[in-house]
Amino acid sequence: MLAMTGQVWVSLISLGGVVLGGVLSYLVQHRTQRSAERAEQQRQRIALSETRRAERLALLERFIEVSAEAERCAYTRPSEWEETDDWYLTTRDVMSRFWVADRLLRVQFPASVHEVAHAHFLDLNRTVWHGLPEGDGDGLRDLLEINRSVFLDAAREVMG
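Here goes a summary of the coordinates provided. (Residues numbered from 1 in each chain as written. Predicted model: local features only at pLDDT ≥ 70, side-chain atom pairs only at ≥ 80, totals over all residues. Heavy atoms only, no water.)

### Topic: the pattern of salt bridges
As a reminder of what qualifies: Salt bridge, as used here: a side-chain nitrogen of Lys or Arg that lies within 4 Å of a carboxyl oxygen of Asp or Glu. Under the DSSP-based scheme used, a helix requires at least four consecutive residues in state H or I and a strand at least two consecutive residues in state E, with every element numbered from the N terminus. Each residue is placed in one exposure class: buried if its accessible area under a 1.4 Å probe, protein chains only, is under 20% of its type's maximum, exposed if it is over 50%, and partly exposed if it falls in between.
Going through the model one piece at a time under the given rule, you end up with eight salt bridges. Measuring nitrogen to oxygen at the nearest pair gives 3.3 Å for the salt bridge that ties Asp123 to Arg126. Placement of both Asp123 and Arg126 in helix α3 (residues 111–130) is noted, with a separation of three residues, approximately one turn of the helix. Given a relative accessible area of 44%, Arg126 falls into the partly exposed group. The residue Arg148 makes a salt bridge to Glu145 at a minimum N-O spacing of 2.5 Å. Here Glu145 and Arg148 lie together in helix α4 (residues 138–159), a separation of three residues that amounts to about one turn. On the basis of relative accessible area, Glu145 is assigned to the partly exposed category, the value being 37%.

Next up, the structure:
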């Protein structure tokens, strides 16, 4: 009987070791899986952040490029034009693209950035369709530089 009691104890200790080993193995696997999931989520957040940054940079580039085109249209505006003139047809296309670029900034950037971009858009839009301020164009350059600089500073702050 004593031998049988010893065998029962050995079996129970062996069973306890198996259960303890299984529990520890489960805990390690569970912890490893959660750690891998957190690392994957972090990787996805970083990838999404980089994608959004690239999209924003592309929108900024588009806005700045079409802004420069609109400014050229303002400087080349004839004193009198018709809706069939090349200047008007080109300018209409440029200003349509500028309008779209302005609205895309509204979607992708905080309101503070869009507000100053929109002010720059309105300055250029007014100048393109209604003409240069009195003088030789220096007034326009000064006027546009104010809102352009404020916009670029705001964009840099958001992108930084």
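Here the narrative resumes, following the displayed structure.
### Some remarks on the packing of aromatic side chains
Put simply, the test is: Classification of ring pairs rests on two measures: the distance between centres of Phe, Tyr or Trp rings, Trp counted by its six-membered ring, which must be within 6.5 Å, and the angle between planes, read as stacked under 30 degrees, edge-to-face over 60 and tilted in between. Only when the NZ atom of a Lys or the CZ atom of an Arg is both within 6 Å of the ring centre and within 35 degrees of the ring normal do we say a charge sits over the ring.
What the rule picks out here adds up to eight aromatic pairs. With a centroid separation of 5.3 Å and 10° between ring planes, the pair formed by Trp81 and Tyr88 is classed as stacked. Between Phe98 and Phe121 the ring centres are 5.0 Å apart and the planes differ by 65°, which places this aromatic pair in the edge-to-face class. One end of the pair, Phe98, is in helix α2 (residues 86–108); the other, Phe121, is in helix α3, and 23 residues separate them in sequence. Pair check on accessibility: Phe98 and Phe121 agree, each one buried. Here a set of aromatic residues connected by ring pairs shows up, and it is made of Phe63, Phe98, Phe121 and Phe151. Geometry around Phe109 places Arg56 over its ring, the cationic atom sitting 4.8 Å from the centre. The ring centre of Phe121 lies 5.8 Å from the NZ or CZ of Arg103, which sits over that ring.

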